[in-house]
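The residues making up each chain are set out below.
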Amino acid sequence: VQGVGPSDGDPVGAVAPAGGARQYRTDDQLPEVAALTTDNETSLDAALSRARAAFVADHPASRQAHEWAQRSMPGGTTRSTLYYSPFPLVMQRGTRCRLTDIDGHERVDLLGEYTAGIYGHDNPVIRAAIDAALDDGWNFGAHSLTEAKLAAVLCERFPSLELVRFTNSGTEANMLALATALLVTGRSTVLVVDGGYHGSVLSFAGGGTPLNLPHRFVVTTYNDADQARSLVRAHGADLAAVLVEPMLGSRGCVPAEPGFLAALREAATGAGALLIFDEVMTSRMSSGGLQLRQGIIPDMTTLGKYVGGGMSFGAFGGSRDVMSVFDPRQPGSVPGAGTFNNNVLSMAAGYAGLSQVFTPDAATALFERGERLRHELEQRCAGEGVAMCWTGLGSLMNVHFQREPIRCATDIAPETERRELFHLEMLENGFYLGRRGFIALSLEIGEKETSGFVDAVTEFACRHRSVLT
Ligand SMILES: Cc1ncc(COP(=O)(O)O)c(C=O)c1O
């Protein structure tokens, strides 16, 4: 291919990390909160212009890399979630809970790879498991011992899992869980939730996306048990599945009220439909997911993210009855193929992570650390008297710029510009998080990092009080 590569201006090769760039973080020291401005800025526009200009000035290499990437990927990205304006940062390396971008800025990583990075960036146990797997070679086109060990740990921990199958992503896990539910029930309608996200072709925020799978979806409001019950009644005879996240993850970390999940459980059973919990994000809420913590057990569960130890991963499973449709020994079984379903890196990293690092005790400790952080953030924001609140559960949380309570997707004020300002200023202060204000703590995040973040958020609230009320 002509005109591509380092000779054509590969910015990664051409631009050395800026030696003189501001160092936001050092390994052993939290920085001062950057002196962004001393005035209490009275206009959101003015504050945003300043923050954008500072971001652009501080990240010439990321900007150049992004421009170069646009030549060969739409919008310069192969993963839309990672795009934000003015341009997304490009990272050079990750160490423990810190990320360094190609302009040389080091930050505390509070995003935790949108929950897939629970082990941080270079956990030695995961590294050793991957090294050992590589030592034995890869691409066997055969079983290894590790996949059954990983399956066994998952079935031991998650109450709904008697049998499990692996995939390469959470999206694929949900696609297959739905296909399985349609097959075993012989029905075709699926009840989902407004704001639910189950992958790039199963996204139900604001009416869904044109890429969604062509199933017959019926959409209910999150945490509205009456509406869900009446939709199940209306579609019951053809209802194959109810697919729900036990906490809306991508859509702002909105926890399900226990009554809502209980109502779904009862209604699905009554209609003869399968209740599927998408625990791709929430599986970290205990050793056995949010289902174990809340005591509501679905018929099927989907998993992904960190469960593969940071490698590509997805899984779906359920009762022996349901999952036996994939048993190749059974006459009429369906073929659940997938070249990389048991790839040795995901299996080895996943098993090592669950068996040695993300133990049940570690899961409890992480949940509690997250709860403490969210309560502290809530208190500080309330103390500053600003319209800022934090939703979430355990180690997953999201900021919102409003005072009104949030129980479903449409309760969330978009507040795009305030989210942008918050994001850019947190980046400037040395904290990496999602543009939508999303945080997923990794096991590497400690008290020093969380208290530094609480201070940065408090400063932000104080500095921008006039545009946050
Ligand atoms: C709840 C939930 N389900 C499914 C997915 C899709 O997983 P993947 O990105 O691995 O396809 C995600 C990803 O963010 C998710 O949050």
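As a starting point, this report considers the structure included with it. What you see is a predicted model, and the numbers here were worked out from it, not measured in a lab. (Residues numbered from 1 in each chain as written. Predicted model: local features only at pLDDT ≥ 70, side-chain atom pairs only at ≥ 80, totals over all residues. Heavy atoms only, no water.)

### Observations regarding the overall build of the protein
- When helices and strands are counted, the protein shows 14 helices and 16 strands.
- Expected size for 469 residues packed as a compact globule is a radius of gyration near 23 Å; at 23 Å, the protein falls within 12% of this value.
- Seen through its C-alpha atoms, the protein measures out along the principal axes to roughly 70 × 55 × 45 Å.
- For the protein, buried positions account for 54% of its 469 residues.
- Contacts spanning at least 24 positions in sequence make up 73% of the contacts within the protein whose residues lie at least 6 apart.
- Of the side-chain charges in the protein, 39 are positive and 53 negative, and the distance between the mean point of each set is 2 Å. (Helix = DSSP H or I, 4+ residues; strand = E, 2+ residues; numbered from the N terminus. Rg over C-alpha atoms; globule rule 2.2 N^0.38 Å. Buried < 20%, exposed > 50% of the residue type's maximum accessible area, 1.4 Å probe, protein only. Contact = heavy atoms within 4.5 Å. Lys, Arg positive; Asp, Glu negative; His and termini not counted. Charge placed at Lys NZ, Arg CZ, Asp CG, Glu CD.)

### Remarks on the layout of surface pockets
- What the largest pocket holds in volume is close to 1400 Å³.
- In this structure, the largest pocket is lined by 49 residues; those nearest its centre are Thr81, Tyr114, Tyr197, Ser250 and Arg436.
- Here the lining of the largest pocket is built from residues that sort into 14 nonpolar, 25 polar and ten charged.
- By volume, the second largest pocket amounts to about 830 Å³.
- Only helix H1 (11-14), helix H3 (60-69) and helix H4 (124-135) provide two or more residues apiece to the lining of the second largest pocket.
- Each residue belonging to the lining of the second largest pocket can be placed in one class, and the counts come to 23 nonpolar, ten polar and five charged. (1 Å grid on protein atoms, 1.4 Å probe; cavity = no way out; pocket = protein on both sides within 12 Å on 5 of 7 lines; lining within 4 Å. Points joined across faces, edges and corners; volume = space filled by probe spheres on them. Nonpolar A, V, L, I, M, F, W, Y, C, P; charged D, E, K, R; others polar.)

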